[in-house]
Amino acid sequence: MKHLITTSDFSIEEIEALYEDTRMFNDLQSNSYLSGKVVVTLFFENSTRTRSSFEIAAKRLGAQVVSLDVGTSSRSKGETIFDTVANLNAMKPDAIIIRHSECGLPGSLIDKVDCPILNAGDGMNAHPTQALLDLFTIIEHFDGKTQGKKIAIVGDVKTSRVAASNVKLLPRFGIEPIIVAPEHFQFENSDLRQVNSLSEVIDEVDVVMSLRTQLERHSQVYYNSLQEYAKDYCITSESFGDRDILLLHPGPVNRNVDISDEMLEDKRNKILEQVSNGVAVRMAILKKLIN
Ligand code: NCD
């Protein structure tokens with residue numbers, strides 16, 4: 001039984017094969033690869049994109065989706081998450097997709113179930129499907145030629161599971177991540193190049209990935225207002241100039257904090273392309289793990 005807990009669960013060859021299927025699913029049309037299958041989504045943290053993307057992906061493949069409303073489930077009656085999952089597992093679903101604030105929780109469930117577990121984000125630890133869709137977007141943009149490319153990952157890197165997954169996945173495809181952040185948002189122990197300002201690296205990078213400042217994960221107040229942070233880290237047309245750089249963001253975007261209104265209209269911004277690719281990548285992942 002194969003699960004997706006971190007991107008290292010898939011070999012390079014498996015990812016390449018996954019992207020062949022992703023291209024086949026790129027028009028996001030319905031098919032019957034998973035007809036008769038049942039997929040459960042279990043989101044203990046807020047989500048707009050990831051949950052709807054997984055649910056649309058499963059439905060486009062012909063699967064039925066059961067979304068547990070964790071607010072009204074027995075969790076609120078004191079049941080442990082392990083018991084909740086064991087009970088769901090006893091109903092024989094074909095996959096369980098889970099998001100939880102606790103690092104490592106999805107991985108700790110795999111020996112308690114008889115179906116694939118898909119990690120839709122665990123705390124600050126990992127967000128494998130986001131990194132896989134980010135990589136796919138980069139590969140398609142550069143026609144598969146990713147060797148030697150550099151990506152600036154800008155912002156609250158330290159608490160970002162998106163960054164955590166990308167800095168592991170992208171180097172496997174020859175892409176060097178450079179962290180652009182104030183010291184308190186940088187990784188503590190890392191071999192990666194880390195700088196304070198985008199202007200230091202803007203002339204050498206091919207891709208910029210902006211991240212949201214994850215106030216809900218901070219144990220202390222770093223800025224009196226997000227505008228103060230934005231002065232240095234908001235991606236603007238001045239910071240990009242006329243350079244041929246791809247702009248990515250996993251969402252949700254804080255307008256004029258992460259990225260300016262103007263850059264959100266710019267042709268170099270591929271955020272909605274990431275969202276569409278996300279459905280196709282998740283279709284390919286569900287097909288791989290369930291079939
Ligand atoms: C992110 C997440 O929840 O990890 N968004 C996403 O899933 N696309 C990032 C965030 O919350 O800022």
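Draft legend 1. View of the overall build of the protein chain. In terms of regular secondary structure, the protein chain is built from ten helices and nine strands. Taken against the 2.2 N^0.38 rule, which gives 19 Å for 291 residues, the C-alpha radius of gyration of the protein chain at 19 Å falls within 12% of a compact globule. Structurally, the protein chain occupies a C-alpha span of about 55 × 45 × 35 Å along its principal axes. Buried residues in the protein chain amount to 53% of all 291 residues.

Draft legend 2. Spotlight on the site of the ligand. Close contacts around the ligand come from Thr-50, Arg-99, His-127, Gln-130, Arg-161, Val-162, Arg-212, Pro-250, Gly-251 and Pro-252, and that covers them all. At 2.9 Å, a side-chain N or O of Thr-50 approaches an oxygen atom of the ligand. Interatomic distance of 2.8 Å between a backbone N/O atom of Pro-250 and a nitrogen atom of the ligand. For the shell around the ligand, the residue count by class is three nonpolar, four polar and three charged.

Draft legend 3. View of helix H3 (residues 81-90). What H3 keeps buried is the set Ile-81, Thr-84, Val-85, Leu-88 and Asn-89. Angular distribution of buried residues about the axis of H3 spans 135°; they occupy a single face of the element. Buried-residue contacts for H3 involve strand E1 (38-43), strand E2 (64-68), strand E3 (95-100) and helix H4 (105-108). The positive-phi residue at the C-terminal boundary of H3 is Lys-92, with phi of around 60°.

Draft legend 4. Quick look at the packing of aromatic side chains. Taken as a whole, this structure holds seven aromatic pairs when the rule is applied. Residues Phe-25 and Tyr-33 carry aromatic rings whose centres are separated by 5.6 Å and whose planes lie at 80° to one another, so their mutual orientation is edge-to-face. Its relative accessible area of 3% is what places Phe-25 among the buried residues. A relative accessible area of 36% means that Tyr-33 is categorised as partly exposed. Each member of the aromatic cluster is reached from another via a ring pair, and the members are Phe-185, Tyr-222, Tyr-223, Tyr-229 and Tyr-233. The ring of Phe-142 is capped by Lys-149, whose NZ or CZ atom sits 4.9 Å from the centre of that ring. The ring of Phe-10 has Lys-288 lying over it, and the distance from NZ or CZ to the ring centre is 5.1 Å.

Draft legend 5. A look at the pattern of salt bridges. Scanning all chains against the criterion turns up 16 salt bridges. Arg-23 is the salt-bridge partner of Glu-20, the closest N and O atoms lying 3.0 Å from each other. Pair noted here: Glu-20 and Arg-23 are both in helix H1 (residues 12-24), with a separation of three residues, about one helical turn. With its nearest N and O atoms 2.8 Å apart, the salt bridge here joins Glu-140 to Arg-23. In this pair, Glu-140 sits in helix H5 (residues 128-141) while Arg-23 sits in helix H1, placing the two residues 117 residues apart along the sequence. Glu-140 sits in the partly exposed class, given a relative accessible area of 31%. One network of salt bridges, in which partners are shared, links Lys-2, Glu-14 and Lys-288.

Draft legend 6. Molecular detail of the nonpolar core. Within the largest apolar cluster, 80 residues are counted, with the highest numbers of intra-cluster contacts made by Leu-132 and Val-208. Top element by residues in this core is helix H10 (residues 271-290). It accounts for ten residues.

Draft legend 7. Just the packing of H1 against H10, in detail. Remark: H1 packs on H10, axes separated minimally by 8 Å, with the N-to-C direction vectors making an angle of 120°. As far as their axial angle goes, H10 and H1 are oblique. Judged by the sense of rotation from one axis to the other, the crossing of H1 with H10 is right-handed. Residues Glu-14, Leu-18, Tyr-19, Asp-21, Thr-22 and Met-24 of H1 pack against Ala-280, Val-281, Ala-284, Ile-285, Lys-287 and Lys-288 of H10. Classifying every residue of the contact of H1 with H10 by side-chain character gives seven nonpolar, one polar and four charged.

Draft legend 8. Fine view of the packing of H5 against H10. For the pair H5 and H10, the least separation of the axes is 9 Å and the interaxial angle reads 115°. In the packing of H5 onto H10, the handedness of the crossing is right-handed. From H5, Thr-129, Gln-130, Leu-132, Leu-133, Asp-134, Phe-136 and Thr-137 reach across to H10, where they touch Glu-273, Gln-274, Asn-277, Gly-278, Val-281, Arg-282 and Ile-285. Residues of the contact of H5 with H10, tallied by class, amount to five nonpolar, six polar and three charged.

Draft legend 9. Up close: the pairing of E1. Extensive coverage of E1 is indicated by the burial of five of its six residues. Since E1 and E2 lie parallel, the crossover through helix H2 (residues 49-60) that links them has a hand, and here it is right-handed.

Scoring rules and cut-offs
- Residues numbered from 1 in each chain as written.
- Predicted model: local features only at pLDDT ≥ 70, side-chain atom pairs only at ≥ 80, totals over all residues.
- Heavy atoms only, no water.
- Helix = DSSP H or I, 4+ residues; strand = E, 2+ residues; numbered from the N terminus.
- Rg over C-alpha atoms; globule rule 2.2 N^0.38 Å.
- Buried < 20%, exposed > 50% of the residue type's maximum accessible area, 1.4 Å probe, protein only.
- Near = heavy atom within 4 Å.
- Polar contact = N/O pair within 3.5 Å; in protein donor to acceptor, adjacent residues only side chain to side chain.
- Nonpolar A, V, L, I, M, F, W, Y, C, P; charged D, E, K, R; others polar.
- Arc of directions from axis to C-beta.
- Contact = heavy atoms within 4.5 Å.
- Phe/Tyr/Trp six-rings, centres within 6.5 Å; stacked < 30°, edge-to-face > 60°.
- Lys NZ or Arg CZ within 6 Å of the ring centre and 35° of its normal.
- Salt bridge = Lys/Arg side-chain N within 4 Å of Asp/Glu carboxyl O.
- Core = buried A, V, L, I, M, F, W, Y, C linked by side-chain atoms within 4.5 Å.
- Axes fitted to C-alpha atoms, helices over the stretch in contact; angles between N-to-C directions.
- Parallel < 35°, antiparallel > 145°, perpendicular 65-115°, else oblique.
- Left-handed = near helix turned anticlockwise from the far one by under 90°.
- Right-handed = clockwise from strand over helix to strand, strands pointing away.

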